[in-house]
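Commentary on secondary and tertiary structure
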Amino acid sequence: MKLPKDVRIVEVGPRDGFQSIKEWIPTELKLQIIDGLIKSNFKKIEITSFVHPKAIPQMKDAKEIVQTLLQKYDDKNVIFNALVPNLFGAKAAYELGIREVTYVISASKAHNRANVKRTPRESFDGLKELKDTYPDLKINLAIATVFGCPYEGDIAIEQVKWMIEQGLHVGVDNFTLADTIGVANPRQMSVVLKELKKDFKDIDFALHLHDTRGMGLANVLSALQCGVRTFESALGGLGGCPFAPGAAGNIASEDLVNMLENMDIKTGVKLDKLLNTVKIVKEKIKPILTSHMAYVDSCSTGEKG
Ligand code: ZN
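This structure is a prediction, so every number in the text was calculated from the model and none was measured.

Section: the overall build of the chain
A tally of helices and strands in the chain yields 12 helices and 8 strands. Relative to a compact globule of 305 residues, whose C-alpha radius of gyration would be 19 Å, the chain shows 18 Å and is just as compact. Oriented by its inertia axes, the alpha-carbon framework of the chain measures out at about 55 × 45 × 35 Å. By residue count, 55% of the 305 residues in the chain fall in the buried class. Long-range contacts, defined as pairs at least 24 residues apart, comprise 73% of the intrachain contacts of the chain with a sequence gap of at least 6. Carbon and sulfur atoms make up 52% of the accessible area of the chain, which totals about 13,800 Å². The distance from the centre of the 40 positive side-chain charges to the centre of the 38 negative ones in the chain is 1 Å.

Right, dumping it as structure tokens:
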């Protein structure tokens, strides 16, 4: 098995996870959980999104979250990333001091319309505008529904390649491939990644995986062997997509860390501190968690007390 020595895990729970929870999570509690993630040693955290509060009310405290965190952690030891759907959102994020954003375009036309009410072409025009307006803003282009769409089914690999080319054309060089509804299987993962690597061998693709059908970690293993080194996950396995019917949680960060560390692949994340943070989510938000490690009792993990 060809495996790396270390990988990078980007924690997206405070954005992808919280946005899927209907009941309001108090800003203080969000900040407490993000503090726990920082103590767990994540080096990059997607902390919120600058979407219209009517579209996703849970994210209406984006400004306060960013201001508090940037004031508290100005040592640049951790990157705070925010999702922005358009120039308006990017402007708000940039003015608060955010220098890295995620911009999502769906490979599926129908999903892109449901998500941002634009065609992929219009979304790329928006991306160009964003890049031209804020040249020093690092943009991660997340391509949604790469492995399947709730509206359109299979996605042609040519469509994914076209999107990567469009991204490169406007000067983006960070790409995340997303399995938005968790339909990818490990064989498909390998076929798609190898196909993309043929045309784009210098791109260090990141993966954003959902575990809707229980294939999340198997897909990680497949991707590791194809050279992927960056994975996005959410504590507790929180998540879903409000505009993708049937989407369930992201792969759980603690399950991912546990698997990788047991395989002797370094993540840098402190599992005990992460599990303590998951416990806060479990007790105070009480969502349905798809995580396994969240339910392993402390005796079998060897923890004391
Ligand atoms: Zn997601």
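Structure's up, so let's keep going.
Observations regarding the coordination of the zinc ion
Coordination of the zinc ion by the protein comes from Asp16 (OD), His208 (NE2) and His210 (NE2), over a distance range of 1.9 to 2.1 Å. Considered as a linear motif, the donors of the zinc ion on their single chain read D-x191-H-x1-H. Take histidine 208 and histidine 210: they sit in the same class, and that class is buried.

Quick word on unusual backbone geometry
With phi around 55°, lysine 117 is a residue other than glycine that occupies positive phi space. A residue is classified by how much of its surface remains accessible, and lysine 117, at 67% relative accessible area, is exposed.

Here we look at the pairing of strand 5 (residues 138-144)
For strand 5, the tally of buried residues reaches 6 of 7 residues, placing the bulk of the element in the interior. Strand direction decides the pairing type here: strand 4 (residues 100-106) and strand 5, joined by 7 bridges, are parallel. By the bridge assignment for strand 5, tyrosine 103 is matched with leucine 141. In terms of strand pairing, strand 5 meets strand 6 (residues 174-179) through 4 bridges, oriented parallel. Paired with isoleucine 143 across the strands is leucine 177, a residue of strand 6. Handedness of the crossover joining strand 5 and strand 6 through helix 7 (residues 157-169): right-handed.

As for the layout of surface pockets
Approximately 890 Å³ is the volume found for the largest pocket. Contributing to the lining of the largest pocket are 43 residues, with Val51, Ile56, Leu83, Pro85 and Val116 lying nearest its centre. Listed by contribution, the elements that provide at least two residues to the lining of the largest pocket are helix 1 (13-17), strand 2 (44-49), helix 3 (62-72), helix 4 (87-96), strand 4, helix 5 (109-116) and strand 5. Among the elements that make up the lining of the largest pocket, the one with the highest residue count is helix 4 (5 residues). Broken down by class, the residue content of the lining of the largest pocket amounts to 21 nonpolar, 12 polar and 10 charged.

Some thoughts on the pattern of salt bridges
If you walk through the whole model with that rule in mind, you get 15 salt bridges. Where lysine 72 meets aspartate 35, a salt bridge forms, and the shortest distance between an N and an O atom there is 2.8 Å. Separated by 37 residues along the polypeptide, lysine 72 in helix 3 and aspartate 35 in helix 2 (residues 27-39) bring together distant segments of the chain. Lysine 72 gets classed as partly exposed once you look at its relative accessible area, which sits at 49%. Judged by relative accessible area, aspartate 35 falls into the buried class, the value being 14%. Taken together, the shared-partner salt bridges in this structure form one network comprising Lys161, Glu195, Lys198 and Asp199.

With respect to helix 3
All buried positions along helix 3 are accounted for by Ala62, Ile65, Val66 and Leu69. Relative to the axis of helix 3, the buried residues are bounded by an arc of 95° and lie together on one face. Pointing more than 90 degrees away from the buried face of helix 3 are the exposed residues Lys63 and Gln71. Residues of helix 3 that are buried make contact with helix 2, strand 2, strand 3 (79-83) and helix 4.

Overview of the packing of helix 2 against helix 11 (residues 271-284)
Between helix 2 and helix 11, the shortest axis-to-axis distance is 8 Å and the interhelical angle comes to 165°. Between helix 2 and helix 11, the crossing angle belongs to the class labelled roughly antiparallel. Viewed along their axes, helix 2 and helix 11 form a crossing whose handedness is left-handed. For the pair helix 2 and helix 11, the contacting residues are Leu29, Gln32, Ile33, Gly36, Leu37 and Lys39 in the first and Lys273, Leu274, Thr277, Ile280, Val281 and Lys284 in the second. Class assignment of the residues belonging to the contact of helix 2 with helix 11 gives a composition of 6 nonpolar, 3 polar and 3 charged.

Criteria and thresholds
Residues numbered from 1 in each chain as written. Predicted model: local features only at pLDDT ≥ 70, side-chain atom pairs only at ≥ 80, totals over all residues. Heavy atoms only, no water. Helix = DSSP H or I, 4+ residues; strand = E, 2+ residues; numbered from the N terminus. Rg over C-alpha atoms; globule rule 2.2 N^0.38 Å. Buried < 20%, exposed > 50% of the residue type's maximum accessible area, 1.4 Å probe, protein only. Contact = heavy atoms within 4.5 Å. Areas by Shrake-Rupley, 256 points an atom, 1.4 Å probe, with all protein chains shown as cover. Lys, Arg positive; Asp, Glu negative; His and termini not counted. Charge placed at Lys NZ, Arg CZ, Asp CG, Glu CD. Donors = N, O, S within 2.8 Å, 3.2 Å for Na, K, Ca; no water. Pairing = 2+ DSSP bridges. Right-handed = clockwise from strand over helix to strand, strands pointing away. 1 Å grid on protein atoms, 1.4 Å probe; cavity = no way out; pocket = protein on both sides within 12 Å on 5 of 7 lines; lining within 4 Å. Points joined across faces, edges and corners; volume = space filled by probe spheres on them. Nonpolar A, V, L, I, M, F, W, Y, C, P; charged D, E, K, R; others polar. Salt bridge = Lys/Arg side-chain N within 4 Å of Asp/Glu carboxyl O. Arc of directions from axis to C-beta. Axes fitted to C-alpha atoms, helices over the stretch in contact; angles between N-to-C directions. Parallel < 35°, antiparallel > 145°, perpendicular 65-115°, else oblique. Left-handed = near helix turned anticlockwise from the far one by under 90°.

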